[in-house]
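Chain and residue survey
For reference, the chains in residue letters:
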Amino acid sequence: MTVIAGVDVGNATTEVVLVSGGKILGAGRVPTRGRKGSPGSLRGAAALVRRLERQLGSTVGEARIAPLRAVDTSVVTVPDTAGPSGRLRVLAAGVPTPGGTGACVGPPLRLGDEPVPGDVEVVAVVPSGLRYDAAAARLRALLAAGTRIGAVLVAGDEGVLVANRLPGGLPVIDQVDADAAAACRMLAVEVRPPGHTLRVLADPVALGARLGLDPLTAAEAGAVVALSRMLADQANAVVGLLPVAPDAPETPAEPWVLTAEDGRLPLRAAIPRLAGWPVGAVRAHGAGVAASEVDDLFAVDLAAAAEAATARQGSTGRAVLVASLSRAGDAEAASVLADLLGVPVPAHGPVSEPAAARLGALTTPGGRDDAIVVDLGAGTIDVIGPRGSVVAAGAGELLTAAVAEMLGIPRASADWVKRGPCIRVEGGQRFEGEDGRRGFLDVPAPASAAGMLAVEGPGGWLPFDRHRGPGEWRAIRLRLKQAVLAANFRRAVRTLGQDPAQVLVVGGPAGDEELLGVLARSLPDDVAVGRGDVGGTCPGGPLGHRYAVALGLALVPVAAP
């Protein structure tokens, strides 16, 4: 019997399945070379076919590839909006090495300047370049001379060393811009014990009163409220009050989106509405006069996701990540692949990519003929029903980018961190899980991972964060998956217009162990959500959650010419 190769060139991965007489002979995948549909991507696909031939001892007599609809998915990070204006400035917040505890509001006193006359509590400012022992000696001399020092700011990172050499447990915060602090009229400094949050600086009424702000002045009252909300979950911070408000800095052009019904909207204003719009509602996006036409756009606001997960304010950043979909013309891949392999390749493909994905997914044991198939890729979510399909921008790559931006780690690491539960390494082989369970690792984690969250990576334990607890990261991670994958899935299903009775999820991100629960919570209770087991009803299978398109292409009957 003829050996048929089903070839699926995806945006991130190329997959091939060899079938003969309805039996699966084997399958393989490699990263896609270059852009989907490019000559390099097709050469990579041909090389994979040849590799499988050698491994299986078979010779391909026919290859099938769907018409390639090249998709360009861009993920853009939109920076946070400008902070509070006016005379107030946050000079430091949440530094990792504070010293002492307490709060102080007073004028700055740079070491080396003359002490402030009168019985006034001051905030001492240690300039850069001054050693911690010399700084501590000067501070002790000032205290002995009667200067009332209520807090200390240090330009370097030696705050703990300075604090340990001072009497009375004075609050000390390091990594502060000494010049900016010394230029302020007043400084408000607070350090709380570990595990506690700010009291004075997070209370706009108390902070405004101690800084001498007029509560009836709308601008200053609004600024202190916004600033205190920013600091609500911090354990230490420094706020400066400038003598006069500086000129407003030039702000970059506000990103926008364009829809047929609502016209042009600021991006941040549109984000809460994106999940309710049908796929394809956004026709263009840009900043200022620059514009790019798109077929679809989806975005996630990290601050909104953190607020929904009740994470600590400021612990996730406030960036907005955007995934846009622009569709190029169909690539003429069949003739190129035929030349590379030297075998017949139908010119227009037996079926489309979505139809092939559905056919392959329905080889899952227990799959229903009326099931909705969800093919998750790096850039898009394809939702395929019995009577149509929808392609929505924003999938695995957008989730990876959100995790990377939130944690400040490379995307290569974020791709592993996003997948499921983590542990906190407590030193040596001890760990704590997200459910509070404690135990011992089979293989010791690196010494540098002590106190950090970690997941199993390609080369062992991969540490990634030391600022959050396991339970907090779990809440944030699940909320991100709701905001990116579940919300996008819901809008695609609404656009499709078919109520699902069963959902089968296939594609690379379908391997995420939390995904089924995330999608199920966005659907009615009686809808079954299952992970595809592609080829499970075929001889030689199954292949797992991947290879749905490639298997569907190889299995579809081709009508005689």
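It is worth spelling out the packing of aromatic side chains at this point. Under the definition given, this model contains one aromatic pair. Positioned above the aromatic ring of Trp-256 is the side chain of Arg-264, whose terminal nitrogen or guanidinium carbon lies 3.8 Å from the ring centre. Sitting over the ring of Trp-416, Arg-419 keeps its end group 4.1 Å from the ring centre.

A few words on the sheet that holds strand β1 (residues 3-9). Spatially, β3-β2-β1-β4 is the arrangement adopted by the four strands of the open sheet, whose pairing is mixed. On the outer flanks of this sheet lie β3 (23-31) and β4 (60-65), each paired with one strand and no other. Going from strand to strand, the sheet's axes swing by 20° on average, the running direction of each strand aside. Of the strands in this sheet, β1, β2 (13-20), β3 and β4 are in contact with helix α1 (residues 39-56), which crosses β2 at around 40°. With respect to the sheet, helix α15 (residues 548-555) is in contact with β1, β2, β3 and β4, its orientation differing from that of β2 by roughly 35°.

Formed by 69 residues in total, the largest nonpolar core has its most connected members in Phe-464, Trp-473, Leu-480, Val-503 and Val-505. At 13 residues, the largest contribution of residues to this core is made by helix α13 (residues 470-496). Setting aside residues no more than four positions away along its own chain, Val-505 makes contact with Val-374, Leu-376, Ala-510, Leu-515, Leu-516, Leu-519, Val-529, Gly-530, Arg-531 and Gly-532. Ala-45, Val-60, Ile-65 and Leu-337 belong to the second largest nonpolar core, which has 24 residues in total.

Orientation of helix α5 (residues 204-211) relative to helix α6 (residues 218-230), taken along the N-to-C sense of each, is 125°, at an axis distance of 9 Å. The orientation of α5 relative to α6 falls into the category oblique. Judged by the twist between their axes, the crossing of α5 over α6 is right-handed. Residues Pro-204, Leu-207 and Gly-208 of α5 form the contact with α6, whose participating residues are Val-224, Val-225, Leu-227 and Ser-228. Counted by class, the contact of α5 with α6 contains five nonpolar, two polar and no charged residues.

We now examine the confidence of the model for the protein chain. With 93% of its residues at a pLDDT of 70 or more, the protein chain shows a mean pLDDT of 89. The secondary-structure element of the protein chain with the lowest mean pLDDT is strand β5 (residues 68-78), recorded at 66, while strand β28 (residues 502-506) shows the highest, at 97.

What follows deals with the pattern of salt bridges. Enumeration over the complete set of coordinates arrives at 25 salt bridges. Here Arg-50 and Glu-53 are joined by a salt bridge, their closest N and O atoms 2.9 Å apart. With Arg-50 and Glu-53 both in helix α1 and three residues apart, the pair spans about one turn of that helix. Residue Arg-50 is classed as partly exposed on the basis of its relative accessible area, which comes to 29%. On the accessibility criterion, Glu-53 (9% relative accessible area) is buried.

One open sheet accounts for four strands, arranged β8-β9-β10-β11; its pairing is parallel. Whereas interior strands pair on both sides, the edge strands pair on one side only; in this sheet they are β8 (108-110) and β11 (172-173). Here five bridges tie strand β9 (residues 122-126) to strand β10 (residues 149-154), and the two strands are oriented parallel to one another. Paired with Ala-124 across the bridge in β10 is Val-152.

Attention now goes to the state of the cysteines. Scanning all chains against the criterion turns up zero disulfides. Looking at Cys-184, it has no disulfide partner, and the nearest cysteine sulfur is the one in Cys-104, 13 Å off.

Moving on, we come to the pairing of strand β27 (residues 460-465). Where strand β26 (residues 453-457) and β27 come together, five bridges link them in antiparallel fashion. Pairing of Glu-456 across the sheet is with Trp-461, part of β27. Linking β26 back to β27 in an antiparallel pair, the connection comprises two residues.

On to the environment of Ala-520. Among the secondary structure elements, Ala-520 is positioned in helix α14 (residues 515-520). When the C-alpha positions of Ala-520 and Val-503 are compared, they lie 9.1 Å apart, and in sequence the two are 17 residues distant.

Before going further, it helps to examine α13. Counted at 1.5 Å a residue, the expected span for α13 with its 27 residues is 39 Å, and the 38 Å between its end C-alpha atoms agrees. Buried residues dominate α13, accounting for 20 of its 27 residues. Once α13 finishes, Gly-497 follows within two positions and takes phi at roughly 80°, a positive value.

Quick look at unusual backbone geometry now. Cis rather than trans, the peptide bond between Gly-541 and Pro-542 has omega equal to 0°. Within the fold, Pro-542 resides in the loop between β29 (528-531) and α15. Look at Gln-175: it is not a glycine, yet its phi comes out positive at around 60°. Along the chain, Gln-175 turns up in the loop between β11 and α4 (178-182).

Quick look at helix α7 (residues 267-274) now. Buried within α7 are the following residues: Leu-267, Arg-268, Ala-270, Ile-271 and Leu-274. End-on view of α7: buried residues confined to an arc of 155°, all on one side of the axis.

Further remarks concern the side chain of Ser-228. Checked against the element boundaries, Ser-228 lands in helix α6. In this structure the side chain of Ser-228 is engaged in a polar contact, spanning 3.1 Å, whose partner is the backbone oxygen of Leu-201. Those residues in contact with Ser-228, other than ones at most four positions away along the chain, are Leu-201, Ala-202, Asp-203, Pro-204 and Leu-207.

Below, the discussion takes up the packing of helix α11 (residues 396-407) against α13. Each packed pair of helices is defined by two parameters, the angle between the axes and the distance between the axes. Across the interface, α11 lies against α13 with an axial gap of 10 Å and an inter-helix angle of 145°. Of the two elements, α11 crosses α13, and the hand of that crossing is right-handed. Touching Leu-398, Leu-399, Ala-402, Val-403, Met-406 and Leu-407 of α11 are Trp-473, Ile-476, Leu-480, Lys-481, Val-484 and Leu-485, all from α13. For the contact of α11 with α13, the per-class residue count stands at eleven nonpolar, no polar and one charged.

The next point concerns the environment of Asp-233. Along the chain, the position of Asp-233 falls in the loop between α6 and β13 (236-241). Its relative accessible area of 25% is what places Asp-233 among the partly exposed residues. For Asp-233 and Gln-55, which are 178 residues apart along the polypeptide, the C-alpha to C-alpha distance reads 57 Å.

Further remarks concern the environment of Pro-458. Mapped onto the secondary structure, Pro-458 falls in the loop between β26 and β27. Spatially, the C-alpha atoms of Pro-458 and Gln-234 are 34 Å apart, while their sequence positions differ by 224 residues.

Calculation rules
Residues numbered from 1 in each chain as written. Predicted model: local features only at pLDDT ≥ 70, side-chain atom pairs only at ≥ 80, totals over all residues. Heavy atoms only, no water. Phe/Tyr/Trp six-rings, centres within 6.5 Å; stacked < 30°, edge-to-face > 60°. Lys NZ or Arg CZ within 6 Å of the ring centre and 35° of its normal. Pairing = 2+ DSSP bridges. Helix = DSSP H or I, 4+ residues; strand = E, 2+ residues; numbered from the N terminus. Axes fitted to C-alpha atoms, helices over the stretch in contact; angles between N-to-C directions. Contact = heavy atoms within 4.5 Å. Core = buried A, V, L, I, M, F, W, Y, C linked by side-chain atoms within 4.5 Å. Buried < 20%, exposed > 50% of the residue type's maximum accessible area, 1.4 Å probe, protein only. Parallel < 35°, antiparallel > 145°, perpendicular 65-115°, else oblique. Left-handed = near helix turned anticlockwise from the far one by under 90°. Nonpolar A, V, L, I, M, F, W, Y, C, P; charged D, E, K, R; others polar. pLDDT = per-residue confidence, 0-100. Salt bridge = Lys/Arg side-chain N within 4 Å of Asp/Glu carboxyl O. Disulfide = S-S within 2.5 Å. Expected span 1.5 Å × (residues − 1). Arc of directions from axis to C-beta. Polar contact = N/O pair within 3.5 Å; in protein donor to acceptor, adjacent residues only side chain to side chain.

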